[in-house]
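Per-entry structural report
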Amino acid sequence: MVPAGSLFAGALASLTIAASPAAAQTGVVAIGDFGVGGERQASMGDAVERFVRPRLADALVTLGDNDYTESPQAFRRNWRRSFGWAAETGLQVAGALGNHDHRVDGGRYEFEALGMPRRYYHRRVGDVEFFLLDSTKLGVRQAGWLERRLAASTAPWKVVVLHHPPFTCGTYRGDRALRRLLMPVLARNDVDLVLSGHDHNYQRFEARRGVTFVVHGGGGGAGLNPLSACPEGYPRRVRARSRHGWVYLRAGPAAMRVRAIAPDGSRYDSFRLYP
């Protein structure tokens, strides 16, 4: 499609979530780097809820750094306060781990709240299948798992989620080793979109080998990161904003629309992917 560490899958990891019936569409919100706690996180959670309530939404996906407090008790309390409404409104939650999440017990204390059966897993939501990776400890075993799961997928849309961006031009640079490990796997298996966080800003890159890359670490958990020029060899960056917010996906059989949304509900990027 083009733009406009284990063999064991397990019942939880293979869970298919039925999407809302409206026009065979699937709606998903993805947010990263939000887990600072307190009023800041609660305010962002309220903003996402206001956006979601009148719209199609089937799942809430996290892009990592779900908790900066390094306290399991504080994380659970902050999650309930800011995103507890997700379960009440019927949204399924699928979390990915970031580097901050790993600092206590490898992030396992987040698994229950974020609907995670393990460190990396896949989750189908309507027409979209998400492959959620643990990029802090990404290695050959996990890449092999991803290759097998992608090859077995029959979903119309394949989206890979990981915290560390393959490409980013801000406070950070994309991880070269990660690109070497993942790019062949993504291209061979018709991945449509890669979502990541880590850099506290929004960036969208032109498709590379059929794969579109989006960074959004502006979930409000920390200050925003400045943008910088991209190094030679990167795909062209077509949109960049140092703004808070999240990504909203709406997918159907004919197209997937992806939007970057600010806390006030306004849109600062929008594009479509087509089969």
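Residues numbered from 1 in each chain as written. Predicted model: local features only at pLDDT ≥ 70, side-chain atom pairs only at ≥ 80, totals over all residues. Heavy atoms only, no water.

Some words on the state of the cysteines
According to the stated counting rule, one finds one disulfide in the structure shown. There is a disulfide in this structure between cysteine 169 and cysteine 230, and the S-S distance comes to 2.0 Å. Disulfide cysteine 169-cysteine 230: torsion about the S-S bond near 110 degrees, hence right-handed. Remark: cysteine 230 occurs in the loop between strand 11 (211-216) and strand 12 (237-241) and cysteine 169 occurs in the loop between strand 8 (157-161) and helix 6 (176-188); sequence separation between them is 61 residues. Residue cysteine 169 is classed as buried on the basis of its relative accessible area of 0%. Looking at cysteine 230, the relative accessible area reads 29%, which means it is partly exposed. (Disulfide = S-S within 2.5 Å. Helix = DSSP H or I, 4+ residues; strand = E, 2+ residues; numbered from the N terminus. Buried < 20%, exposed > 50% of the residue type's maximum accessible area, 1.4 Å probe, protein only.)

Structural notes on the confidence of the model for the protein
Looking at the protein as a whole, the pLDDT averages 92, with 92% of positions reaching at least 70. Ignoring residues within four places in sequence, the model shows residues 2-15, a span with pLDDT below 50, making 34 contacts including any to other chains. (pLDDT = per-residue confidence, 0-100. Contact = heavy atoms within 4.5 Å.)

Some points on the pattern of salt bridges
The final tally for this structure, using the stated rule, is eight salt bridges. Among the ionic pairs, aspartate 134 bridges to arginine 119, the shortest N-O distance being 2.6 Å. Remark: arginine 119 occurs in the loop between strand 5 (92-94) and strand 6 (121-125) and aspartate 134 occurs in the loop between strand 7 (128-132) and helix 5 (140-152); sequence separation between them is 15 residues. According to the relative accessible area criterion, aspartate 134 is buried, its value standing at 0%. Look at arginine 119 and you get partly exposed, because its relative accessible area is 25%. (Salt bridge = Lys/Arg side-chain N within 4 Å of Asp/Glu carboxyl O.)

Considering the pairing of strand 3 (residues 26-31)
Consecutive side chains along a regular strand alternate between the two faces of the sheet. Within strand 3, six of the six residues are buried, which leaves it mostly tucked inside the rest of the structure. Two elements, strand 3 and strand 13 (residues 246-251), share five bridges in a ladder whose sense is antiparallel. If you follow threonine 26 over to strand 13, its bridge partner there is alanine 251. As judged from the four bridges shared by strand 3 and strand 4 (residues 59-62), these two strands associate in the parallel manner. (Pairing = 2+ DSSP bridges.)

Points about the pairing of strand 7
Counted residue by residue, strand 7 has five buried out of five residues, so it is predominantly covered. Residues of strand 7 alternate between two faces, with Val128, Phe130 and Leu132 on one and Glu129 and Phe131 on the opposite face, all of them buried. Looking at chain direction, strand 6 and strand 7 are connected through five bridges and run antiparallel. Looking at the pairing, histidine 122 lines up with phenylalanine 131 of strand 7. The turn linking strand 6 back onto strand 7 is made up of two residues, and glycine 126 within it adopts a positive phi angle of 60 degrees.

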